[in-house]
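One letter stands for each residue in the lines below.
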Amino acid sequence: MTKTQRITPLPGQESVWDYPRPPRLEQAPQRIQVYFNGVALANTAGAWRVLETSHPPVYYLPPGDIAMDYLHPAPAQSWCEWKGQATYYDVIVVGRTARQSAWTYLRPSRPYAPIAGYIGFYAWAMDQCLVDGEQVTPQPGGFYGGWITNNIVGPFKGEAGTTGW
């Protein structure tokens, strides 16, 4: 699939091809929950979401609504052309580890300042990530942190054949 084969959204759906570049930051009105190894890691109605062309939303959760005792700094870092330097966490719960499965921007660029210190989770590494009770599908490709729900349509960056987008 290529971006020219955009899926037309139905009423109540969003197309990732209507999201802007550079990405837009907006408050997420939904309840966001994250579970790993039988533990509720996060439960919040105070998340932000980042919306970028061809990517499903990436949710950033306030650390006050996360069981931070289970997150341990990891040595990894990455760079986002929009948000800046990201640092990572290993999630460790009762002997089970998901390496570099959460990340944060401690000092993001000015447009993304509201998410400073907020945490994103890779849905593929967690047992369950929910948006208003709906279990999400992880964005394809491993590197990307987007969460796909029934109200989001693609095609999505990360699927086979999308490396040139």
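Calculation notes
- Residues numbered from 1 in each chain as written.
- Predicted model: local features only at pLDDT ≥ 70, side-chain atom pairs only at ≥ 80, totals over all residues.
- Heavy atoms only, no water.
- Core = buried A, V, L, I, M, F, W, Y, C linked by side-chain atoms within 4.5 Å.
- Buried < 20%, exposed > 50% of the residue type's maximum accessible area, 1.4 Å probe, protein only.
- Helix = DSSP H or I, 4+ residues; strand = E, 2+ residues; numbered from the N terminus.
- Contact = heavy atoms within 4.5 Å.
- Pairing = 2+ DSSP bridges.
- Axes fitted to C-alpha atoms, helices over the stretch in contact; angles between N-to-C directions.

Enquirer: Help me understand the nonpolar core in this model?
Expert: Soluble globular proteins tend to bury their nonpolar side chains together. Counting residues in hydrophobic clusters, the biggest one holds 42 residues, and the most contacted among them are Val34, Leu41, Leu61, Val91, Phe121, Met126 and Trp147. Ranked by the residues each element gives to this core, the list is headed by strand β8 (residues 84-93), at five residues. Those residues in contact with Val34 that sit more than four places away from it in its chain are Val39, Ala40, Leu41, Ala42, Leu61, Phe121, Met126, Gln128, Cys129 and Trp147. In this structure, Tyr19, Leu51, Ile148 and Ile152 belong to the second largest nonpolar core, which totals seven residues.

Enquirer: I'm lost on the sheet that holds strand β11 (residues 128-131) in this one. Help?
Expert: The strands making up a sheet associate through hydrogen bonds between their backbones, and the pairing can be parallel or antiparallel. Spatial ordering of the open sheet is given by β4-β3-β11-β12, a layout of four strands whose pairing is antiparallel. Each edge of the sheet is formed by a strand with only one pairing partner; in this case those strands are β4 (39-44) and β12 (134-135). Pairing between β11 and β12: two bridges, direction antiparallel. What sits directly across from Val131, in β12, is Glu134.

Enquirer: Even after reading the chapter, I still don't get the sheet that holds β8, so can you show me in this structure?
Expert: Across the sheet, which stays open at both edges, the four strands sit in the order β7-β8-β9-β10 with antiparallel pairing between neighbours. Every other strand in the sheet has two partners, leaving β7 (71-80) and β10 (119-121) as the edge strands with one partner each. Recorded for the sheet is a direction-independent mean angle of 35 degrees between the axes of neighbouring strands. Direction of pairing for β8 relative to strand β9 (residues 96-104): antiparallel, over a ladder of six bridges. Residue pairing in the sheet places Ile92 in a bridge with Thr97 of β9.

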